[in-house]
Amino acid sequence: MTKFEDKVVEKPDAIDLDYVTGELKFCDVSFKYGDDMPLVLNGLNLHIGAGEIVALVGPSGGGKTTLVKLLLRLYDPISGCILIDNHDTRNIRRQSLSRHVGLVSQDVTLFSGTVAENIGYRDLATKIDMERVKNAARTANVDDFIRKLPEGYETYIGPRGSTLSGGQRQRIAIARALYQNSSILILDEATSALDSKSELLVRQALERLKKNHTSQLKRSVHCTIVLVIAHRLETVLMAKRVFHLDNGKLEELPRSTMLSGDKDSLLSSGLVL
Ligand SMILES: Nc1ncnc2c1ncn2[C@@H]1O[C@H](COP(=O)(O)OP(=O)(O)OP(=O)(O)O)[C@@H](O)[C@H]1O
């Protein structure tokens, strides 16, 4: 889902957002891929507050990836708008948007370079802060793995991170998003089976983020929204709210569906594994 084509033009007066507290709103967003094509998103409304972890579930083709493409502004809605901290994404510079919205998926783009460079990517042209790299890696649950590599953080990873497993790439991508202080983290959970240990490590990384959020919320500082495209019940249960996207319509699942007694209904829906 990371190999997107680009369909929008940046406004000459688009702004840079220095600091984002982390609040995301989809306001009545509709979208279709072409004039003669059906609506993929139909009057969608979603408000995610700073520091929330929200899960998005839905059948294949339901529109989850499309929603993310619009958030990253690879396409614009045909009507409605998407706001980050009340700024319309159409008025934000693309570079700024990609700094504040971190996308983490199994096939996330890592480049041929050291692990430290991949995590500290934002400062590649200046000076990478190694303490910050290590802190980010610890939170993302990838520090132990990196330390065991032949040259630790200075180990070269092959083109597109091809020497790493999907779960390792995903955790490095989480560390990169943490390093660059992305206010919105989109985690596209693997549909293909990661081995259960890798899955657990990614989930633990999410748990750590959740703890960070709680302490950040208490201190009222910068918080990260995590929007997870979830395929596993355990991940869904970590989220504060769960939304079901099907046929262009978004519906919040009642809290009771997520309570342990009703886990079966989520499982039997076939939406999660
Ligand atoms: N580039 C495109 N051009 C035309 N139609 C598209 C394009 N990308 C997606 N679609 C269609 O839009 C609908 C929603 O697709 P989308 O990829 O957003 O679903 P999804 O919920 O992410 O599915 P999955 O869980 O399988 O990744 C589908 O009917 C799909 O065929």
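Refer to the structure printed above.
Residues numbered from 1 in each chain as written. Predicted model: local features only at pLDDT ≥ 70, side-chain atom pairs only at ≥ 80, totals over all residues. Heavy atoms only, no water.

### Notes on the packing of aromatic side chains
- Scanning all chains against the criterion turns up 4 aromatic pairs.
- Relative to Tyr 33, the ring of Phe 31 has its centre 4.9 Å away and its plane inclined at 80°; by these criteria the two rings are edge-to-face.
- The partly exposed category is assigned to Tyr 33, whose relative accessible area is 33%.
- Chaining the aromatic ring pairs together yields one cluster made of Phe 31, Tyr 33 and Tyr 75.
- Taking NZ or CZ as reference, Arg 132 lies 5.1 Å from the ring centre of Tyr 179, over its face.
- One Lys or Arg, Arg 176, reaches over the ring of Tyr 121 and ends 4.8 Å from the middle of that ring. (Phe/Tyr/Trp six-rings, centres within 6.5 Å; stacked < 30°, edge-to-face > 60°. Buried < 20%, exposed > 50% of the residue type's maximum accessible area, 1.4 Å probe, protein only. Lys NZ or Arg CZ within 6 Å of the ring centre and 35° of its normal.)

### Considerations on the site of the ligand
- Taken together, 13 residues surround the ligand, and among them Ser 60, Gly 61, Lys 64, Thr 65 and Thr 66 come closest.
- One nitrogen or oxygen atom from the side chain of Thr 66 is found 2.5 Å from an oxygen atom belonging to the ligand.
- Surface burial for the ligand is 60%, taken as the share of its 640 Å² of free accessible area covered by protein chains.
- Residues of the shell around the ligand, tallied by class, amount to 5 nonpolar, 6 polar and 2 charged. (Near = heavy atom within 4 Å. Polar contact = N/O pair within 3.5 Å; in protein donor to acceptor, adjacent residues only side chain to side chain. Areas by Shrake-Rupley, 256 points an atom, 1.4 Å probe, with all protein chains shown as cover. Nonpolar A, V, L, I, M, F, W, Y, C, P; charged D, E, K, R; others polar.)

### Considering helix 4 (residues 130–139)
- Within helix 4, the full set of buried residues consists of Val 133, Ala 136, Ala 137 and Thr 139. The buried residues of helix 4 occupy an angular sector of 160° when the element is viewed end-on, so they sit on one face.
- Capping of helix 4 at its N-terminal end is provided by Asp 129; its side-chain oxygen lies 3.1 Å from the backbone amide nitrogen of Glu 131.
- Directly beyond the C-terminal end of helix 4, a positive phi value near 65° is found at Asn 141. (Helix = DSSP H or I, 4+ residues; strand = E, 2+ residues; numbered from the N terminus. Arc of directions from axis to C-beta.)

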